[in-house]
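The lines below spell out each chain.
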Amino acid sequence: MIKIEIQNATLGYGDIDVVKEVALAAKPGEMIGLVGPNGSGKSTIIKSLSRIITPHSGRVLVNGRDIGTIPRRELSLMVGVVPQTPLLPSAYTAFEIVLMGRSPHLGLFQYESKHDLEITWWAMERTSTQHLADRRVGELSGGEIQSVIIARVLAQETEIVLLDEPTANLDIGRQIEVLNLIKGLCRQENKLTAVVALHDLNLASHYCDRLVLIHNGQIHAEGRPAAVITAENIEEVYGSGSYVHTHPLSGLPAVLPRVDYTKK
Amino acid sequence: MASAMLFPRRRGRVYAIAILAGVLLAVGAFAASVGSVDIPLGTTLAILISKLPFINIEPTWTESFEIIVVDIRLPRVILAGVVGAALAVAGAAYQALFRNPLAEPYLIGAAQGAALGAVIGFLLPIGVTGLGYGVVPILAFIGALLSIFIVYNIARVGRLLPVTTLILAGVALSALLMAIVSYLLTIAGDSVHGIIFWLIGSFSLSKWSEVAVALPVVLFGVGVIMIYARSLNLIQLGEEQAQQLGINTERMKIILLTAATLITAAAVSFVGIIGFVGIIIPHAVRLIWGPDHRFLLPLSILVGAIFLILADILARTVNAPTEVPIGVITALTGVPFFLYLLRRRTRILN
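What counts and what doesn't
Residues numbered from 1 in each chain as written. Chains lettered and ligands numbered in written order. Predicted model: local features only at pLDDT ≥ 70, side-chain atom pairs only at ≥ 80, totals over all residues. Heavy atoms only, no water. Contact = heavy atoms within 4.5 Å. Buried area = accessible area lost by both parts, 1.4 Å probe. Salt bridge = Lys/Arg side-chain N within 4 Å of Asp/Glu carboxyl O. Helix = DSSP H or I, 4+ residues; strand = E, 2+ residues; numbered from the N terminus. Phe/Tyr/Trp six-rings, centres within 6.5 Å; stacked < 30°, edge-to-face > 60°. Buried < 20%, exposed > 50% of the residue type's maximum accessible area, 1.4 Å probe, protein only. Core = buried A, V, L, I, M, F, W, Y, C linked by side-chain atoms within 4.5 Å. Domains from an automatic or database assignment. Pairing = 2+ DSSP bridges. Polar contact = N/O pair within 3.5 Å; in protein donor to acceptor, adjacent residues only side chain to side chain. Nonpolar A, V, L, I, M, F, W, Y, C, P; charged D, E, K, R; others polar. Axes fitted to C-alpha atoms, helices over the stretch in contact; angles between N-to-C directions.

Draft legend 1. Summary view of the interface of chain A and chain B. On the chain B side, the residues contacting the 40 residues of chain A number 28 residues. Between chain A and chain B, roughly 2,900 Å² of surface is buried when both sides are summed, and carbon and sulfur atoms account for 60% of that area. One salt bridge in this structure joins E240(B) and K47(A), with 3.6 Å as the shortest N-O distance. Looking at the side of chain A that touches chain B, the elements with two or more residues in it are α2 (72-76), β6 (79-82), α3 (94-99), α4 (114-126) and α5 (142-155) of chain A. The biggest single contributor to the side of chain A that touches chain B is α3(A), with 4 residues.

Following this line, the structure appears as structure tokens:
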């Protein structure tokens, strides 16, 4: 099992610190949700966990090794990423894009074997994207592209998957489908560890084992959804425009707007 | 298995490579038979085959025919093929690395940078002496590398390289470089005629000694680019996604830009500036056989070589005995294609 953790790291771009002194460790088989307002640093954390940015201070460790010392190819066999609003080269077919997930597994001049093609097809099956296989990605909708990228990360067969807003362009049906899939893969003999940045607090509360609420570049609260999504925390981080109640069926916290357009 | 059904295109592209390799040989043989002295295709073939190792054919042809085919036309045909392949692959590599469909040695100033370097090489006293080709290709390479570096850094907006800024920076730098070339020509004195003739692009001076230098350099550069064929597909996803799929993008960019610029410089050093090959060929190949660089690159090599050999046949027959500069032929076919791409591209962007 692969462990990934952030040890008291300050993260950012250039001279600017976005996230200060955060610590975070994902347990194998866990689905962790990163929540917080726009610009709070969710994507920055995802980028540091995939070595797109190096910490200004502190460390990011994969299996106890500093992530900066792990060659990219080796890292890409352990950590897969679904980026936020990915841009795809429009001339490639969806199948070719998903097949790119197999690249870390291939040698220099090696072509995809039957085994690679089968895994690719399995990944498209799991994400209901088979019917898109020979369509060019330039013709696909935002939601379809999102699903194709999720298929690609499945084809990559990594134990850790980082997802940055994987449900942003999806309708509620597809959102549930995607999160069910990821949750299911985490549950299967602890197969997958997922770190998911989510805007939707209700989805985060219902799918994640643990939530990390980020505010102004720091961890505001961390723990089980019921402990993080409280009326107090939500008001402190998001303002007073919403209220928190307990979902009658799941018993988990849910956030709804407080409709009052007369008050400022 | 349904997934296996999705890959019939792969087999088709393998056949295409085999067929085009045959076409290349046929076009090459044809090119060696046409010219100011007409040598029948059969005789040309017999002469060429007799030169292969372990084959003995009783000559039925005059010695002058053999000299024309083997010493005059063959190096020219091979050099045209090598240069066509080099420019096509360099174009494909620039387009992939910059993720910009209009990146091309001629349009981004690499060819002009090479030309300036080469002209300086011609004018330096050491270039004329026994060193021969030594200094010209090296200075051409340095010139091309510097122009790529300048254009890339001027055109870059953050991590993106927009079509418009790339073309504008390329055109502006090319204008500057060619102005310097013109100035150097005015002070060049006696050697100016030869340099101008070389500059506008021609294969008429091709010799085996040039093939012997150009061929290994181009083979080496193309080989390096081919190693990265799959990585070139991944980098189309953008640098972040490519890194997340295991590519060391910084190292890859440096190696591939150097390799593409090296083969551009080799091509320019020996035949002058030939524009638009690097844009017509990869795009035509992409339209027919798709964007996968593992096929795009070898197919571009073959189609580029065939294209430039054919263009050279036109160049020396259309107005015979006067030769039309080959850059004129490639521009006449390339510019309409380029404008079509530019138009289509801007429509997509809007």
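From this point, things continue past the structure.
Draft legend 2. Focus on the packing of aromatic side chains. All names here are of chain B. Here the structure, examined in full by the defined rule, presents 6 aromatic pairs over all chains. Arranged with centres 6.3 Å apart and planes meeting at 45°, the rings of F337 and Y340 form a pair that is tilted. Pair noted here: F337 and Y340 are both in helix α16 (residues 326-349), with a separation of 3 residues, about one helical turn. On the basis of relative accessibility, which here comes to 19%, the residue F337 falls in the buried class. Exposure remark for Y340: the relative accessible area of 41% places this residue in the partly exposed category. Members of the aromatic cluster, joined through ring pairs, are Y94, F98 and Y152.

Draft legend 3. How the structure looks around the nonpolar core. Counting residues in hydrophobic clusters, the biggest one holds 116 residues, and the most contacted among them are M31(A), I97(A), Y94(B) and I225(B). Ranked by residues supplied to this core, first place goes to helix α4 (residues 63-98) of chain B with 10 residues. Mapped onto the domain boundaries, this core takes at least three residues apiece from domain 1 (1-78 + 158-228) and domain 2 (87-157) of chain A. Leaving out residues up to four positions away in the same chain, I225(B) has contacts with V89(B), A93(B), L232(B), L256(B), A259(B), A260(B), I263(B) and L297(B). Residues F203(B), I274(B), I280(B) and L302(B) belong to the second largest nonpolar core, which totals 45 residues.

Draft legend 4. Highlighting the pairing of strand β3 (residues 31-35) of chain A. All names here are of chain A. Counting buried positions along β3 yields 5 of 5 residues, so the element is predominantly enclosed. The alternating pattern of β3 places M31, G33 and V35 on one face and I32 and L34 on the opposite face, and all of these are buried. Examined bridge by bridge, β3 and strand β8 (residues 193-197) share 4 bridges and lie parallel to one another. Opposite M31, over in β8, you have A194 as the bridge partner. In the sheet, β3 pairs with strand β9 (residues 210-215) via 4 bridges, with the strands oriented parallel. Its bridge partner lying in β9, V35 is registered against L213.

Draft legend 5. Structural context of the domain arrangement of chain A. All names here are of chain A. Taken domain by domain, chain A holds domain 1 (1-78 + 158-228) and domain 2 (87-157). With 17 residues of domain 1 in contact, the opposing surface of domain 2 contributes 17 residues. It is T158, R174 and L181 in domain 1 that bury the most area against domain 2; as a group they hold 32% of the surface buried on that side. Taken together, the connections running from domain 1 to domain 2 amount to 0 salt bridges. The interface formed by domain 1 and domain 2 includes 8 residue pairs in polar contact (both at pLDDT 80 or more). Residue assignment for the side of domain 1 that touches domain 2 shows that the elements contributing at least two residues are α2 and α6 (172-187). By residue number, the principal contributor to the side of domain 1 that touches domain 2 is α6, which donates 5 residues. Looking at side-chain class alone, the side of domain 1 that touches domain 2 contains 8 nonpolar, 4 polar and 5 charged residues.

Draft legend 6. Geometry of the side chain of T330(B). Residues and elements named next belong to chain B. Within the element layout of this structure, T330 appears in helix α16. Judged by its relative accessible area of 0%, T330 falls in the buried class. Discounting residues that sit within four places of it in the chain, T330 has contacts with I274, G275, F276, V277, I280, F307, L308 and V335.

Draft legend 7. Representation of the pattern of salt bridges in the model. Residues and elements named next belong to chain B. For the coordinates displayed, the defined rule picks out 19 salt bridges over all chains. The salt bridge involving E239 is made with K253; its shortest N-O contact spans 2.9 Å. Of this pair, E239 sits in helix α12 (residues 239-244) while K253 sits in helix α13 (residues 249-271), and the two are 14 residues apart along the sequence. Each member of the pair, E239 as well as K253, is classed as buried.

Draft legend 8. Region of the structure containing the sheet that holds strand β5 (residues 65-66) of chain A. Residues and elements named next belong to chain A. Ordered by their spatial adjacency, 4 strands build an open sheet running β2-β1-β4-β5, and the pairing between neighbours is antiparallel. The open sheet is flanked by β2 (16-26) and β5, the only strands paired with a single partner. For strand β1 (residues 4-13) and strand β4 (residues 57-62), the ladder comprises 5 bridges, and the chain directions are antiparallel. Looking at the pairing, E5 lines up with L61 of β4. Against the sheet, helix α1 (residues 42-49) touches β1, β2 and β4, its axis set at about 120° to β1.

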